[in-house]
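# Tertiary structure, described
Listed below, chain by chain, are the residues.
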Amino acid sequence: MNEEYIYLSYFMDENTPLYGGNRGIAVKPDRSIKEGDTANTKHLYLHNHSGTHIDYPNHFFDDGITSEKYVAAEWMFHAPFLIEVRAEQDEIIGLTSEQLNQIPQHTDFLIIKTGFGKYRQEDLYWKHNPGLSPMMADQLRTRLPFLRVIGVDIVSITSFQKRELGREAHRNFLGGDHPILLVEDMNLSDLYHPPKVIMCFPLMLRGVDGAPVTIIAK
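Described below are features of the structure shown in this document. (Residues numbered from 1 in each chain as written. Predicted model: local features only at pLDDT ≥ 70, side-chain atom pairs only at ≥ 80, totals over all residues. Heavy atoms only, no water.)

### Points about the packing of helix α3 (residues 136–143) against helix α4 (residues 163–174)
Here α3 crosses α4 at 25°, and the two axes come no closer than 8 Å. Accordingly, the angle class assigned to the pair α3 and α4 is roughly parallel. Here α3 runs over α4; the crossing is right-handed. Between α3 and α4, the residues in contact are M136, A137, L140 and R141 and N172, F173 and L174, respectively. (Axes fitted to C-alpha atoms, helices over the stretch in contact; angles between N-to-C directions. Helix = DSSP H or I, 4+ residues; strand = E, 2+ residues; numbered from the N terminus. Parallel < 35°, antiparallel > 145°, perpendicular 65-115°, else oblique. Left-handed = near helix turned anticlockwise from the far one by under 90°. Contact = heavy atoms within 4.5 Å.)

### Quick notes on unusual backbone geometry
Of note in the backbone geometry, D90 takes a positive phi value of approximately 65° without being a glycine. Summarising the element assignment, D90 is placed in the loop between β6 (80–84) and β7 (92–93). The phi dihedral of D185 falls on the positive side, at around 65°, and the residue is not glycine. When you line up the elements, D185 lands in the loop between β11 (181–184) and β12 (198–202).

### Quick look at the environment of D153
Mapped onto the elements, D153 comes out in the loop between β10 (149–152) and α4. The residues touching D153, leaving out its near neighbours within four places in the chain, are I112, K113, T114, G115, F116, G117, Y125, M186 and L188. Side-chain polar atoms of D153 contact the side chain of T114, separated by 2.8 Å. (Polar contact = N/O pair within 3.5 Å; in protein donor to acceptor, adjacent residues only side chain to side chain.)

### Some details on the pairing of β10
The alternating pattern of β10 places V149 and G151 on one face and I150 and V152 on the opposite face, and all of these are buried. Examined bridge by bridge, strand β8 (residues 109–113) and β10 share four bridges and lie parallel to one another. By the bridge assignment for β10, F109 is matched with V149. Since β10 and β11 lie parallel, the crossover through α4 that links them has a hand, and here it is right-handed. (Buried < 20%, exposed > 50% of the residue type's maximum accessible area, 1.4 Å probe, protein only. Pairing = 2+ DSSP bridges. Right-handed = clockwise from strand over helix to strand, strands pointing away.)

### Digging into the side chain of K113
With respect to the helices and strands, the residue K113 is situated in strand β8. Despite its burial, K113 pairs with no opposite charge; the closest candidate is E84, at 4.7 Å N-O. A polar atom in the side chain of K113 sits 3.1 Å from the backbone oxygen of L188. For K113, the residues in contact, after removing those within four places along its chain, are L82, I83, E84, V85, R86, D153, L188, S189, L191 and Y192. (Lys, Arg positive; Asp, Glu negative; His and termini not counted. Salt bridge = Lys/Arg side-chain N within 4 Å of Asp/Glu carboxyl O.)

### Structural notes on the pattern of salt bridges
Two side chains carrying opposite charge are able to pair once their charged atoms lie near each other. According to the stated counting rule, one finds seven salt bridges in the structure shown. Ionic pairing is found between R120 and D185, a salt bridge with its closest N-O pair at 2.8 Å. Residue R120 is located in the loop between β8 and α2 (124–127), and its partner D185 is located in the loop between β11 and β12; the two are separated by 65 residues in the primary sequence. Residue classification places D185 among the buried positions, given a relative accessible area of 0%. Between R141 and D138 there is a salt bridge, with its nearest N and O atoms 3.2 Å apart. Linking R141 with D138, this pair stays in helix α3, spanning three residues, or about one helical turn. Each of E164, R167 and R171 takes part in one network of salt bridges that share partners.

### A look at the packing of aromatic side chains
Enumeration according to the criterion identifies nine aromatic pairs in this entry. Plain terms: the ring middles of Y56 and W75 are 6.4 Å apart, the flat faces sit at 65° to each other, and that makes the pair edge-to-face. Residue Y56 is located in the loop between β4 (53–55) and β5 (76–77), and its partner W75 is located in the loop between β4 and β5; the two are separated by 19 residues in the primary sequence. Take W75: its relative accessible area is 10%, and that puts it in the buried class. The interplanar angle of 50° and the centroid separation of 5.4 Å between the aromatic rings of Y70 and W75 together place this pair among those described as tilted. When its relative accessible area of 17% is taken as the criterion, Y70 is described as buried. Over the ring of Y45 we find K28, and its NZ or CZ is 5.2 Å from the ring centre. The ring of Y10 has R120 lying over it, and the distance from NZ or CZ to the ring centre is 3.5 Å. (Phe/Tyr/Trp six-rings, centres within 6.5 Å; stacked < 30°, edge-to-face > 60°. Lys NZ or Arg CZ within 6 Å of the ring centre and 35° of its normal.)

If you want it as structure tokens, here you go:
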């Protein structure tokens, strides 16, 4: 293959950080060849907002769209864009007019790389994570009419130390006639320029407000 493909998702295990410092992932033995069974199998236990995951509108709105309402074609993105906005702990991230104007108007998946992923194995990652400004949602809708998803390398767009602002931001992005879905806890360590294509594959659970996703960039 001439094209390079990389994961923008993390593999999950019991050390995966969750918002609020929770630990809710476990992989437990079920059947074992070593114990005389014919195959190896496991039981999986996880929160639906574990690891690299997507928030659907139902996450903050009882009447919001849930997982099964999306068709397969909606998970292919042919105009992704990467913008680097370095963020410090507890910072509420906004975009300047200059930064907004850098983003092509046909962008369908906007990746915001803060660099905060370097703290992922520290408590700092969830306890003092940056968040997104509630104002950003309408700014992006106005500038980017085709935008469907924003992805970030922070555990949540809600800063744990500024939770009310974070709730407002979630409602602003996920609400209205043009919801912008949110992918949180992305692995952007090896992404240095905009991908050509993004393929985003949510775990196929019916009726949920969010789910882990596997994201592959071309």
